[in-house]
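Residue-level listing of the chains:
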Amino acid sequence: MAKLLFADDQDVMREALTDLLRRQKGFDVFEARSHDDALRVVAENGPFDLILLDYTLPGPIGLGGLKIMRAACDCPVAILSGSAPPKVARQALEAGAAGFLPKTLSSKDVVAALWLMLNGEIFVPQAFLETDDMGEEVQLTPREFDVLRGVAAGKLNKEIARDLKIEEVTVKLHVKTLSRKLSAKNRTHAAMRARDIGLV
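What counts, and at which threshold
Residues numbered from 1 in each chain as written. Predicted model: local features only at pLDDT ≥ 70, side-chain atom pairs only at ≥ 80, totals over all residues. Heavy atoms only, no water. 1 Å grid on protein atoms, 1.4 Å probe; cavity = no way out; pocket = protein on both sides within 12 Å on 5 of 7 lines; lining within 4 Å. Points joined across faces, edges and corners; volume = space filled by probe spheres on them. Helix = DSSP H or I, 4+ residues; strand = E, 2+ residues; numbered from the N terminus. Buried < 20%, exposed > 50% of the residue type's maximum accessible area, 1.4 Å probe, protein only. Arc of directions from axis to C-beta. Contact = heavy atoms within 4.5 Å. Polar contact = N/O pair within 3.5 Å; in protein donor to acceptor, adjacent residues only side chain to side chain. Salt bridge = Lys/Arg side-chain N within 4 Å of Asp/Glu carboxyl O.

Draft legend 1. Focus on empty space enclosed by the protein. Going through the model one piece at a time under the given rule, you end up with one cavity of 30 Å³ or more. The space that makes up the largest cavity amounts to roughly 70 Å³. Lining the largest cavity are His 35, Leu 53, Asp 54, Tyr 55, Leu 57, Pro 60, Gly 62, Gly 65, Leu 66 and Ile 79. Elements with a contribution of two residues or more to the lining of the largest cavity: β3 (50–54) and α3 (64–72).

Right, dumping it as structure tokens:
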């Protein structure tokens, strides 16, 4: 059972995500309405497996809350936001965030992103990592390479998940991300493009 803390001062958003996760198998979810409240919950109910902090959570300005929370707990801390620009996502990663989740993500993608981070990986939508230099080559992460090799070998997502000892939803998320990076229409197209440029 993955133990999560979700801190957001927007009641509707917090309650909706908390309800979603509690209906999923494998999540034990705690809530907080401010940075101080989140620190209290960590002190009283920790340790946690993953903490989700809203970027505009009442308390320290900007990513100050991320740094304080990372110092207060021994677990990954991710940032959620409904309006922060890509620059903030990159700054969050540089500050040690386990991921950056836009509140526009679908419920399915949120759950997949959480499992990815719980497995020790970093989650940020590709659009938030693109640079102004459109000619710059987009690199695949080591895990994306692992998944790509499985796809190129004709394996199903569940087979790749078993081989890599990760969740099938995590594999699906990697396939979606690496396909976007390769400008591929689907997994088969991604494998073809990867071969064309010598990745596999």
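Draft legend 2. Focus on helix α2 (residues 35–45). Along α2, the residues that are buried comprise His 35, Asp 37, Ala 38, Val 41 and Val 42. For α2, the angular spread of buried residues about the axis comes to 160°, placing them on one side. α2 presents Asp 36, Ala 43 and Glu 44 as exposed residues on the side facing more than 90 degrees away from its buried surface. Close packing links the buried residues of α2 with β1 (2–7), β2 (27–32), β3 and α3. One side-chain oxygen at the N-terminal end of α2 lies 3.1 Å from the backbone nitrogen of Asp 37; it belongs to Ser 34.

Draft legend 3. The arrangement of helix α6 (residues 142–152) in detail. The complete set of buried residues in α6 reads Glu 144, Val 147, Leu 148, Gly 150, Val 151 and Ala 152. Positive phi shows up at Gly 154, right after α6, with a value of about 80°.

Draft legend 4. The arrangement of the environment of Glu 44 in detail. Mapped onto the secondary structure, Glu 44 falls in helix α2. Separated by 57 residues in the primary sequence, Glu 44 and Leu 101 have C-alpha atoms spaced 26 Å apart.

Draft legend 5. Looking closely at the pattern of salt bridges. Taken as a whole, this structure holds 15 salt bridges when the rule is applied. A salt bridge links Arg 40 to Glu 44, with the shortest nitrogen-to-oxygen separation between them at 3.0 Å. Placement of both Arg 40 and Glu 44 in helix α2 is noted, with a separation of four residues, approximately one turn of the helix. For Lys 103, the salt bridge is made with Asp 54, and the minimal N-O distance between the two is 2.9 Å. Taken together, the positions of Lys 103 in the loop between β5 (100–102) and α5 (107–118) and Asp 54 in strand β3 put the pair 49 residues apart, joining distant regions of the chain. Across the pair, Asp 54 and Lys 103 agree in class, each one buried. It is possible to trace a salt-bridge network through shared partners that takes in Asp 11, Arg 14, Arg 22, Glu 31 and Arg 33.

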